[in-house]
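# Observations on the three-dimensional arrangement
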Amino acid sequence: MKLRQRFYLVEVLVGLGVTAAHFFANLGRHTARHVFRSKTARGAVTFQYPEERRPYSPRLRSLHRLVRREDGSPRCVACMMCETVCPAHCIYIVAAEHPNPEIEKVPERFDIDLGKCVFCGYCVEACPEDAIRMDTGILEFSSYSRQGMIYTKEMLLALEPAGPAGTPRSLIPIPADRTLER
Amino acid sequence: MSAMLTIDGRKVSVPEGTTIWEAARQAGIEIPVLCHDPRLRPVGVCRMCVVDVGERVLAASCVRAAADGMTVQTRSEKVERCRKTLTELLLSDYPADSAREKTTGDDLLLALGRSFGVRPEYLTIPRGDGRARDVSSPVIAVDHAACILCDRCIRACDEIQHNDVIGRTGKGYTARIAFDLDSPMGKSTCVACGECASVCPTGALTHKPLTAPIRPRAELKNVDSVCPYCGVGCAVTLHVDPAKNAVVLVDGRPSPGNESRLCVKGRYGFDYALHPQRLTVPLIRRAEFYPKGPLSGDVKGDGRRRKPGGLVDYNEVLPAFSEASWDEALDLVAKRLSEIKKADGPGALAGFGSAKCSNEEAYVFQKLVRAVFGTNNVDHCTRLCHASSVAALLETIGSGAVTNVFGDVKNAEVALIAGSSTTDNHPVAATFIKDAAQHGTTLIVVDQRETGIARHAHHFLRINPGTDVALYNAWMHVLISEGLVNREYIAKHTEGFEALRETVKRYPPERAAEICGVPADKIREAASVFGRAKAAIIFWGMGISQHTHGTDNARCLISLALLTGNVGRPGTGLHPLRGQNNVQGASDAGLIPMVFPDYQSVEDAGIRKRFEAAWGVRLDPKRGLTVVEIMTGALEKRIRGMYMMGENPFLSDPNINKVRKALAALDFLCVQDIFLTETAEFADVILPATSFFEKTGTYTNTDRRVQIGWKAVEPPGQARLDWEVVSEIARRMGYPMEYVTAEEIFNEFTALAPSYQGLTYQNLQPHGKLWPCPDPERSDGVQLLFGDGFPTPSGRGKFVPCEYRPAAEVPDSDYPFVLNTGRLLEHWHTGVMTRRSRPLSTIQPEAFCEMNPDDLAAAGIPAGAYVSVSSRRGSITLRAHASRRIAPGTVFIPFHFREAAANVLTNDQLDPVGKIPEFKFCAVRIDPATA
């Protein structure tokens, strides 16, 4: 470290200067916009996340969901393509017979381990039935344990596609280990 | 409700819920399958069984239920095209040499390929770069490249054998079956039962050849037989290569007893019969090797540590014997036995039969001892296994056999398993118990070790060794005080309830908790679970019987069943799990010193008269001596001559150092066996006998099921049938015994044994019959005994109250540990057969003792080191394994291993009633082994 850096006070003042410069610049822009009705000045605004979200690109890969048929059963036919293509080995499927004889199979279990998932989107690419999508707009999933990162078929089926501008329309699933009554 | 459907134009009516595949099979239409097997839960993964039911997609017939009015086409062009494509896809990555096609020749996938005209070499589909092989198991070869992921093996392991070893792992091309957490098969917890290899449709899991190359099934001769090992008596099909005169493969046979299931011994333990050490000529001891004594170092017991995997060293033993002709040997036996009889009286002779031999041989043998020797000194290893249980059963309910078959555990609400490591000792019976435990039966296991079956238990009570009486008295205390007894049953069918109540009053659970080391609440809980059950069945094993209070232990269990009325209804009963394949039959045939065939007392003048009339000689009216008493008698020179057919008391009897002296003290000993056993080293004459596979005979299993084992191969050299040898000796001793076939002997036996009445070789086929069988032509025999009263003089079951007594030799400061002996899954008793079986001795090659790791640490012994275990009677050196399944303060040693024979240590104190020695309890000391 240079001698100047070793005296923190100097660096603290420099940093304060930067902050102050931004603050006053923004204050000026906001004043221009709101008091002087300027059309061009745009001051920085803090997004009130999570109540308010940035608009997301439609190409964003967010939490997976399983697409439902009209009767609510999964569109997935347990062909194992996504499981096979997944580079993180995070999908686990157990196939079963579909109750409707017109459809061959349905997953009995469909687990995604989000602790392993790398959000590459290969599963969506591989799916021949358009049964898995990554368009929920949900990016927040956390848990106290690795077990809590495993999202089951029921959780994934309950999700809705995001609204315009990528706003999630379904509640963020809360894993069992994060519920309050523990 | 039934469903009417049309399959290929044929009208079929089946109950609702039947699958199309099953319906087609009933109509005689075979639909090809790869993943389905009628014994397994259908999963529909292979799609080979698809049929056209007129819907958008083809339906998998193995999972699709037949519906009323359905029209099914199993062979339409669309279906065939689908199946062909499927076969092509599966074959595209199939190895060129399927291990199944090379051995048994019944590779289902290749057969399908042939039927569709698919040749793997012409497929245009690109091949993968191959997957691994796993040959780590000594009996099963795994070729992942041939695996089609049909899950048959996984379901067989989970649902038939309940070992839960095989699973799936990997994704995509690397998806494969895995053992445990993807270990090599030989290193996993796999118990090598071979169920997976027998259900596998391809070359992925195959049996390794053990004796001779396995040839296609069609070229092998099929012989219906039973397993030669434990009392479960599994029905098997022996596949024999006639050119090689060898059994090359064993399959389970569908029979009510085992439903095609087998364990490692039954499926892979057959190669002992071809061992080069088989005896093939009669042997007579050379004059210079008198006075008699042990010949090999192991049997001398000079204290040196033996190398593991020890068999009798023939180079050490054989020079003491010279080869002889049969006439010479038999004449000598007859002459010496007659001399002893003349000089010292018939009481100086004794015979040990064997529970490994058939009913016919047992019958002929006891007839030789009783009618020709003129004494009742005839016994066999039942004395060392369930003598106390039989004594207790005869005393209380008037019959020594089981009251219900083990398979009925599925109807029980609660099953109590007391002192039995069922997964080791009766592995196939254990699969049915595990089955039941998964389907609603509450399993209570009481043991001092955390045995394999305890893993499946809902309530596991680890009691202190030898405290069973206190525990069950406390159970009965709880049952009576909580009103969980069946008053109606007690009033109608039992006697002696008041005395029992007075006794168990003194055993509140708190007192039992102190004695047994099980918390009082747990005792209460288990007792009330048992008491509330509508149907409860009780299984017990050697942990109950092999104590100086073994009879008391069994009496308590019987009282428990009588108290709750759990006898004679489906799902109830008393089932002492019998050890040997024919211990039930050998006892039935009269290899017991107190009784003639079918438990008819030798002391009853009327019965004796009947047998005297049948056999044409006067018979001894006194009961004879039991196994350990005979050995003591030999030591005291009261017994001078002995004939042993297939027994090896040197390793199986308690206190070997005493047995050694006793055997050496005999004036004359004739040993008839298939190998030179440790006992044979003391013999004057050794006669070569036939092994199980070389003879025809009937065997009675623990369920009382009498089954026929047919001759499969020719005996080696001059070896002769056991009953032939016995009748030759009888003839030479002046008693004509002329039998031509085993069947003739069986008919003579059944005429004298009321329980076997009506059974013939004809009606015993194919699955045998349970005795008693009043209507052998139509019924399978009586499964449930004593639904209405007991064969006791009063017709009532008797409560015999018992007080808790500690074991004969309790630990003290010199000998602080409790020794418990027992068996391993892979080995059989004295190891004469199993240690000569290559696969079995590869899996379990050497002697060891199991101890709690805390005890080992306290003694400063690292796990895996050699220790010396000593009791007041002797000392052995063997490896110490650490296991938390063993309670602190106890040591477990399997008794199969001659180089470290557990019975050097055991106590030969006897139960006063059952005359069974205390194998399960003696005080020992552990020291680090010195060099």
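Keep in mind it's a predicted model, so treat the numbers as computed, not measured.

What counts and what doesn't
- Residues numbered from 1 in each chain as written.
- Chains lettered and ligands numbered in written order.
- Predicted model: local features only at pLDDT ≥ 70, side-chain atom pairs only at ≥ 80, totals over all residues.
- Heavy atoms only, no water.
- Pairing = 2+ DSSP bridges.
- Helix = DSSP H or I, 4+ residues; strand = E, 2+ residues; numbered from the N terminus.
- Axes fitted to C-alpha atoms, helices over the stretch in contact; angles between N-to-C directions.
- Contact = heavy atoms within 4.5 Å.
- Buried area = accessible area lost by both parts, 1.4 Å probe.
- Salt bridge = Lys/Arg side-chain N within 4 Å of Asp/Glu carboxyl O.
- Polar contact = N/O pair within 3.5 Å; in protein donor to acceptor, adjacent residues only side chain to side chain.
- Nonpolar A, V, L, I, M, F, W, Y, C, P; charged D, E, K, R; others polar.
- Buried < 20%, exposed > 50% of the residue type's maximum accessible area, 1.4 Å probe, protein only.
- Patch = residues over 30% accessible without salt bridge, like charges linked within 9 Å, V, L, I, M, F, W, Y side chains within 5 Å.
- Areas by Shrake-Rupley, 256 points an atom, 1.4 Å probe, with all protein chains shown as cover.
- Lys, Arg positive; Asp, Glu negative; His and termini not counted.
- Charge placed at Lys NZ, Arg CZ, Asp CG, Glu CD.
- Arc of directions from axis to C-beta.
- Disulfide = S-S within 2.5 Å.
- Core = buried A, V, L, I, M, F, W, Y, C linked by side-chain atoms within 4.5 Å.
- Domains from an automatic or database assignment.
- Left-handed = near helix turned anticlockwise from the far one by under 90°.
- Phe/Tyr/Trp six-rings, centres within 6.5 Å; stacked < 30°, edge-to-face > 60°.
- Lys NZ or Arg CZ within 6 Å of the ring centre and 35° of its normal.

Okay, the sheet that holds strand 37 (residues 890–894) of chain B next. Backbone-to-backbone hydrogen bonds pair the strands of a sheet. The strands run either parallel or antiparallel. All names here are of chain B. Taken together, the six strands give a closed barrel; going around it, the order is 33-37-34-36-35-40, and neighbouring strands pair in mixed fashion. Going across the sheet, the axis of each strand differs from the next one's by a mean of 45°, ignoring polarity. Bridge count for strand 33 (residues 817–822) against strand 37 is five bridges, and the pairing is parallel. Note on strand 37: the bridge partner recorded for G822 is P894.

In this complex, chain B contributes twelve residues to the contact, which on the side of chain A involves eleven residues. When the two sides are added together, the surface that chain B and chain A hide from each other amounts to roughly 1000 Å², 46% of it contributed by carbon and sulfur. The interface formed by chain B and chain A includes two salt bridges. Between E97(A) and R47(B) there is a salt bridge, and its shortest N-O distance comes to 2.6 Å. If you look at where chain B meets chain A, you find five residue pairs in polar contact (both at pLDDT 80 or more). Its residues placed into classes, the side of chain B that touches chain A shows five nonpolar, two polar and five charged.

Side chains that differ in charge, positive against negative, can pair when their charged atoms come close. Residues and elements named next belong to chain B. Counting across every chain of the model gives 74 salt bridges over all chains. Across the salt bridge formed by E55 and R64, the nearest N and O atoms sit 2.9 Å from each other. Judged by relative accessible area, R64 falls into the buried class, the value being 18%. It is possible to trace a salt-bridge network through shared partners that takes in D327, D331, R720, E724, E728, R731, R732 and E738.

On the surface, a cluster of positive charge is contributed by R33(A), R37(A), K39(A) and R42(A). Tracing the sequence through the fold places R33(A) in helix 2 (residues 8–34).

It is worth spelling out helix 23 (residues 605–615) of chain B at this point. Residue and element names in this part refer to chain B. All buried positions along helix 23 are accounted for by I607, R608, F611, E612 and W615. Each buried residue of helix 23 sits inside an arc of 140° when the element is viewed along its axis, so together they form one side. Among the exposed residues of helix 23, those oriented more than 90 degrees off its buried face are K609 and A613. Among the structural elements, helix 11 (359–373), strand 24 (595–596), strand 25 (600–601) and helix 28 (742–752) are those in contact with the buried residues of helix 23. The opening residue of helix 23, the one whose side-chain oxygen lies 2.9 Å from the backbone nitrogen of G606, is D604. G616 sits one or two residues past helix 23 and shows a positive phi near 75°.

Looking now at the state of the cysteines. Applying the stated criterion across every chain, the model contains zero disulfides over all chains. Unpaired in terms of disulfides, C381(B) finds its nearest cysteine sulfur in C385(B), a separation of 6.3 Å.

Before going further, it helps to examine the nonpolar core. All names here are of chain B. Membership of the largest hydrophobic core comes to 219 residues, with the highest contact counts inside it found for L205, V869 and I893. With nine residues, helix 11 is the single largest residue contributor to this core. Setting aside residues up to four positions removed in sequence, V869 forms contacts with C849, G874, S875, I876, L878, I893, L905, V924, R925 and I926. Core analysis: the next-biggest nonpolar cluster, separate from the first, contains 58 residues, V446, A554, L560 and L562 among them.

Looking now at the domain arrangement of chain A. Domains assigned within chain A are domain 1 (3–34) and domain 2 (65–166). Taking only C-alpha atoms into account, the centre of domain 1 of chain A sits 48 Å from that of domain 2 of chain A.

This brings us to the packing of helix 15 (residues 468–481) of chain B against helix 19 (residues 520–532) of chain B. Pairs of packed helices are described in terms of their axes, by the angle between the two and the distance that separates them. Residues and elements named next belong to chain B. For the pair helix 15 and helix 19, interaxial distance at closest approach is 9 Å and the crossing angle is 65°. Where helix 15 crosses over helix 19, the two elements pack in a sense that is right-handed. Across from L471, A474, W475, V478 and L479 in helix 15, the residues of helix 19 making contact are I523, R524, A526, A527, F530 and G531. Looking at the contact of helix 15 with helix 19, its residues break down into nine nonpolar, one polar and one charged.

This part takes up the sheet that holds strand 15 (residues 321–323) of chain B. Residues and elements named next belong to chain B. Pairing in this open sheet of seven strands is mixed, and the strands run 15-14-28-27-26-16-17 from one edge to the other. Every interior strand has two partners, whereas the edge strands, strand 15 and strand 17 (378–379), have only one. In terms of strand pairing, strand 16 (residues 349–352) meets strand 17 through two bridges, oriented parallel. Of the residues in strand 17, the one forming a bridge with F352 is D379.

Residues and elements named next belong to chain B. Counting across every chain of the model gives 25 aromatic pairs over all chains. By way of ring pairs, the aromatic residues Y363, F596, F611, W615, W710, F746, F749, Y756, Y761 and W771 are connected into one cluster. Against the face of Y290 rests R285, its NZ or CZ located 6.0 Å from the ring centre.

So, about the side chain of T6(B). As for its placement among the helices and strands, T6(B) is situated in strand 1 (residues 2–7). Dropping the residues within four chain positions of it, T6(B) is found in contact with K11(B), M70(B), T71(B) and V72(B).

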